[in-house]
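Inside the fold
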Amino acid sequence: GTEASHNDALSRAMRSLSSSKMMAMAMVAMSVAARGANARITHYDVVRDDRSLILLREPFGFAPGGLVEITLKEPRIYLPEHAAPPDKTKFGFFLTGARDEGALDAALADGACVLDVDFVQQTFTFADMDAQLKAGEREVSTYEFTQDITNGGDYMLFFANCEPHTVVSFGITTTFANKDSSGRLDYLGRGEKSLPSVYYLFFLLDVCAAAAWAYTLGKAQGRRGVRKIHWLMLALVTFKSLSVLTQAGRYHLTRISGSSAGWTAAFYVFTVCRSMLLFVVIALVGMGWSFLKPFLHQREKNLLMAVIPLQVLANIATLVIDEEGPADEGFFAWQSMFIMIDIMCCCAVLVPIVWSIKHLRDSSDASEKQARNLHKLELFRHFYVMTVAYIYFTRIVVYLLKSTVEYELRWTAAFFSELATLAYYVATGYLFRPEEENMYFQLKKDEDEDGVEMSDRAMWLPSGAGGLIAETNTTNV
């Protein structure tokens with residue numbers, strides 16, 4: 001009965017992860033089909049929007065001589081019934097530095113029209129479009145605006161509506177670019193020019209890590225130290241290498257053409273596979289296939305089965321929201337919500353470990369077995385602390401770095417994120433290297449002596465539905 005319940009729990013976990021993977025892939029597919037990602041030539045349709053301020057382009061690092069191109073189509077102003085004609089000078093677009101965002105919020109709070117404050121660079125208003133009216137025309141259907149950037153900086157593009165009780169609709173296409181030494185357009189921001197080289201570098205390092213791990217497994221093949229989890233780790237590093245390669249490719253293509261739709265589709269596929277493999281490995285450890293099962297109660301298993309798919313969905317959903325762009329209403333609210341879910345999931349990963357330590361300490365006696373169990377749990381805990389530290393570093397520390405460094409050094413956030421990821425993979429591989437004398441695998445011998453069920457004894461067989469069925473040959477005390 002105990003063995004069957006463990007197999008059922010593991011099967012439910014795998015089905016949950018498979019379902020999450022299908023949902024994630026569907027979301028990515030819809031996102032890629034909807035628009036080209038990582039584009040520096042963007043298009044948005046604003047439909048009957050009453051917001052007083054709409055962010056159209058997130059911070060972009062311009063060098064002196066940079067270029068801004070805006071094409072506005074079908075602008076419309078909707079007024080309340082019997083309202084007076086609007087003042088078209090109160091509807092317009094402007095550029096402002098990323099560091100002036102706080103001052104912009106303060107101006108809005110004071111009720112000022114942000115088009116009139118002195119720290120913004122007004123590009124054009126709806127009134128300026130009337131100058132292009134031809135004889136017999138009542139409205140301008142298309143308006144084009146071009147501006148050269150004389151002072152380099154980190155700029156954002158906004159639309160402002162300073163007329164209360166009005167709504168607007170328009171379609172807008174924006175192009176932000178710098179120019180290289182030969183005068184050709186470079187669609188990456190000043191702080192992003194190094195990103196293709198950064199990702200190509202880490203692709204080579206990841207390939208070396210994958211090759212070294214494959215050589216280690218091949219050399220140890222047939223010995224007791226090699227386990228199925230090692231092959232999953234090899235697949236993880238392989239997909240990590242492919243995702244970094246496609247990330248380098250998409251930034252390179254964006255740099256020369258302004259968009260990277262083809263590379264983006266491949267990047268998302270490999271990234272989803274990499275993310276799923278990472279969390280599948282964590283799930284297998286937590287659900288009993290590897291090392292944690294003897295020290296977790298059913299409530300911890302249930303928590304992990306709920307947290308891990310939610311963690312994956314939070315990451316994929318955040319990525320999909322990024323594809324929609326900042327002009328969409330509710331963009332920042334949804335983004336913040338999914339970031340909070342992601343952080344809560346990371347915190348929840350530690351909860352089962354804390355519960356187990358507290359349980360062992362509360363029920364601890366002088367027996368040798370209890371002391372040994374506590375020691376084993378301490379050994380495994382530092383791996384999970386390392387995992388959570390990696391997650392927080394790549395989510396919080398890297399974000400703070402990206403937000404605080406000068407815009408010319410924004411590429412360093414990606415560099416340290418990739419460096420932390422590579423270091424985490426190498427450290428994990430070292431801890432779980434296929435050696436019989438490895439302290440982690442040595443625990444198996446201790447548990448065999450105690451008769452405790454070990455999930456690395458599980459034999460995995462393909463089921464008729466394409467899933468996995470765990471058959472355990474040991475018994476649980």
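Each remark here, short or long, concerns the structure printed above.
Below is a summary of the structure that appears in this document. As the structure is a computational prediction, the values presented were derived from the model and not from experiment.

Across its full length, the protein holds 11 helices and 11 strands. The buried share of the protein, taken over its 477 residues, is 48%. Excluding contacts between residues fewer than 6 apart, the proportion of contacts in the protein whose partners are at least 24 apart in sequence is 77%.

Now for the pairing of strand E3 (residues 66-78). Sheet topology places E3 next to strand E6 (residues 142-149); eight bridges connect them, and they run antiparallel. Paired with Lys73 across the two strands is Thr142, which belongs to E6.

Inspection of the secondary structure assignment puts Ile172 in strand E8 (residues 167-179). Through-space distance from the C-alpha of Ile172 to that of Asp45 is 6.5 Å; in sequence the pair is 127 residues apart. Leaving out residues up to four positions away in the same chain, Ile172 has contacts with Thr42, His43, Tyr44, Leu56, Ile70, Thr71, Leu72 and Phe93.

Moving on, we come to the nonpolar core. In terms of nonpolar packing, the biggest core is built from 27 residues, with Leu72, Phe93, Phe159 and Phe170 touching the most fellow members. Listing elements by their share of this core, those giving two or more residues are strand E1 (41-49), strand E2 (53-62), E3, strand E4 (91-97), helix H3 (126-129), E6, strand E7 (153-161) and E8. If sequence neighbours within four positions are ignored, Leu72 has contacts with Phe93, Phe124, Phe126, Met129, Ser141, Thr142, Tyr143, Phe170, Gly171 and Ile172.

On to the packing of helix H4 (residues 195-220) against helix H5 (residues 228-257), then. Close contact between H4 and H5 brings their axes to 8 Å; oriented N to C, the two are set at 160°. Judged by the inter-axis angle, H4 sits roughly antiparallel to H5. H4 and H5 meet at a crossing whose hand is left-handed. Residues belonging to the contact of H4 with H5 are distributed by class as follows: 20 nonpolar, five polar and two charged.

Attention shifts here to the pattern of salt bridges. Side chains that differ in charge, positive against negative, can pair when their charged atoms come close. What the rule picks out here adds up to nine salt bridges. Here Glu74 ties to Arg76 by a salt bridge, and the two come within 2.8 Å at their closest N and O atoms. Classification of Glu74 as partly exposed rests on a relative accessible area of 42%. Looking at Arg76, the relative accessible area reads 27%, which means it is partly exposed. The shortest N-O distance in the salt bridge between Arg99 and Glu406 comes to 3.5 Å. On the criterion of sequence distance, the pair formed by Arg99 in the loop between E4 and helix H2 (101-109) and Glu406 in the loop between helix H9 (368-404) and helix H10 (411-431) is long-range, its members being 307 residues apart. By relative accessible area, Glu406 is classed as partly exposed at 42%. A single network of salt bridges, built from pairs that share partners, joins Asp206, Lys240 and Glu418.

With that settled, the discussion passes to unusual backbone geometry. Within the chain, Glu74 stands out as a residue other than glycine whose phi angle is a positive 50°. Position of Glu74 relative to the elements: it lies in strand E3. The phi dihedral of His165 is positive, around 65°, even though this residue is not glycine. Relative to the assigned elements, His165 resides in the loop between E7 and E8. Taking relative accessible area as the criterion, His165 reaches 70% and is therefore assigned exposed.

Rules and cut-offs
- Residues numbered from 1 in each chain as written.
- Predicted model: local features only at pLDDT ≥ 70, side-chain atom pairs only at ≥ 80, totals over all residues.
- Heavy atoms only, no water.
- Helix = DSSP H or I, 4+ residues; strand = E, 2+ residues; numbered from the N terminus.
- Buried < 20%, exposed > 50% of the residue type's maximum accessible area, 1.4 Å probe, protein only.
- Contact = heavy atoms within 4.5 Å.
- Pairing = 2+ DSSP bridges.
- Core = buried A, V, L, I, M, F, W, Y, C linked by side-chain atoms within 4.5 Å.
- Axes fitted to C-alpha atoms, helices over the stretch in contact; angles between N-to-C directions.
- Parallel < 35°, antiparallel > 145°, perpendicular 65-115°, else oblique.
- Left-handed = near helix turned anticlockwise from the far one by under 90°.
- Nonpolar A, V, L, I, M, F, W, Y, C, P; charged D, E, K, R; others polar.
- Salt bridge = Lys/Arg side-chain N within 4 Å of Asp/Glu carboxyl O.

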